[in-house]
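Coordinate analysis (summary)
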Amino acid sequence: MPESAWSLHPQLAKDTIDIGDLPLSRVLVIKDGNFPWLLLVPRREGAVEIIDLDEVAQAQLMTEITRVSRALKEITKCDKLNVAALGNMVPQLHVHVIARRTTDVAWPRPVWGVAPPVPHDAQEVQQFISAIRRKIWLG
């Protein structure tokens, strides 16, 4: 289906800051200062599961997950990356890439529901976005 039919789910739009578009996916940062947390959302209308993408798009998604994961790990110097495509609350296919530290508020549990979201410091999040954009070749 053409990309022009695609739109970002309203909940994802509300909860994120747009970083830019890779060949397949929109890259977003979650509005939660507790964690360095990115989302990749393939721009394919109706995609709910990774298996909803054709094999070429699946391979592209894995390439983009790898690129974003490497950038996030290098920038944050995290202890662990969590990568997941859950979609239990928002059905639109999206992949979480979260930098975790053994000292973070949720460690070692999953990040969901452990602590209320904390607003980002405006300057810090802009520096983070700029660093991510450079590392994933968006600017």
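Quick note: structure is the one above.
The shown structure was predicted, so the numbers you read here are calculated from the model rather than taken from an experiment. (Residues numbered from 1 in each chain as written. Predicted model: local features only at pLDDT ≥ 70, side-chain atom pairs only at ≥ 80, totals over all residues. Heavy atoms only, no water.)

Points about the packing of helix H2 (residues 55-76) against helix H3 (residues 122-135)
Packing of H2 against H3 brings their axes to within 9 Å, and their N-to-C directions diverge by 135°. One way to sum up the angle between H2 and H3 is to call them oblique. Read as a crossing pair, H2 and H3 show a hand that is right-handed. The segment H2 lies against H3, with Ala71, Leu72, Glu74, Ile75 and Thr76 engaging Phe128, Ala131, Ile132 and Lys135. The residue makeup of the contact of H2 with H3, split by class, is six nonpolar, one polar and two charged. (Axes fitted to C-alpha atoms, helices over the stretch in contact; angles between N-to-C directions. Helix = DSSP H or I, 4+ residues; strand = E, 2+ residues; numbered from the N terminus. Parallel < 35°, antiparallel > 145°, perpendicular 65-115°, else oblique. Left-handed = near helix turned anticlockwise from the far one by under 90°. Contact = heavy atoms within 4.5 Å. Nonpolar A, V, L, I, M, F, W, Y, C, P; charged D, E, K, R; others polar.)

As for the side chain of Glu64
Its place among the elements puts Glu64 in helix H2. The charged side chain of Glu64 is buried without a salt bridge, its nearest counter-charge being Arg43 at 6.1 Å. Only 2.8 Å separates the side chain of Glu64 from the side chain of Gln60, close enough to count as a polar contact. When residues no more than four places from it in sequence are discounted, the contact partners of Glu64 are Leu22, Pro23, Leu24, Ser25 and Leu40. (Buried < 20%, exposed > 50% of the residue type's maximum accessible area, 1.4 Å probe, protein only. Lys, Arg positive; Asp, Glu negative; His and termini not counted. Salt bridge = Lys/Arg side-chain N within 4 Å of Asp/Glu carboxyl O. Polar contact = N/O pair within 3.5 Å; in protein donor to acceptor, adjacent residues only side chain to side chain.)

Topic: the sheet that holds strand E5 (residues 95-100)
As summarised here, the arrangement of the five strands in space is E1-E2-E3-E5-E4, forming an open sheet in which the pairing is antiparallel. In this open sheet, the two strands that pair with only one neighbour each are strand E1 (16-21) and strand E4 (80-84). Each strand of the sheet is rotated relative to its neighbour by a mean of 20°, with strand direction disregarded. One ladder, built from five bridges, connects strand E2 (residues 25-30) with strand E3 (residues 37-42); its direction is antiparallel. By the bridge assignment for E3, Leu28 is matched with Leu39. Its contacts with the sheet place H2 against E2, E3, E4 and E5, and it is angled at close to 20° to E5. (Pairing = 2+ DSSP bridges.)

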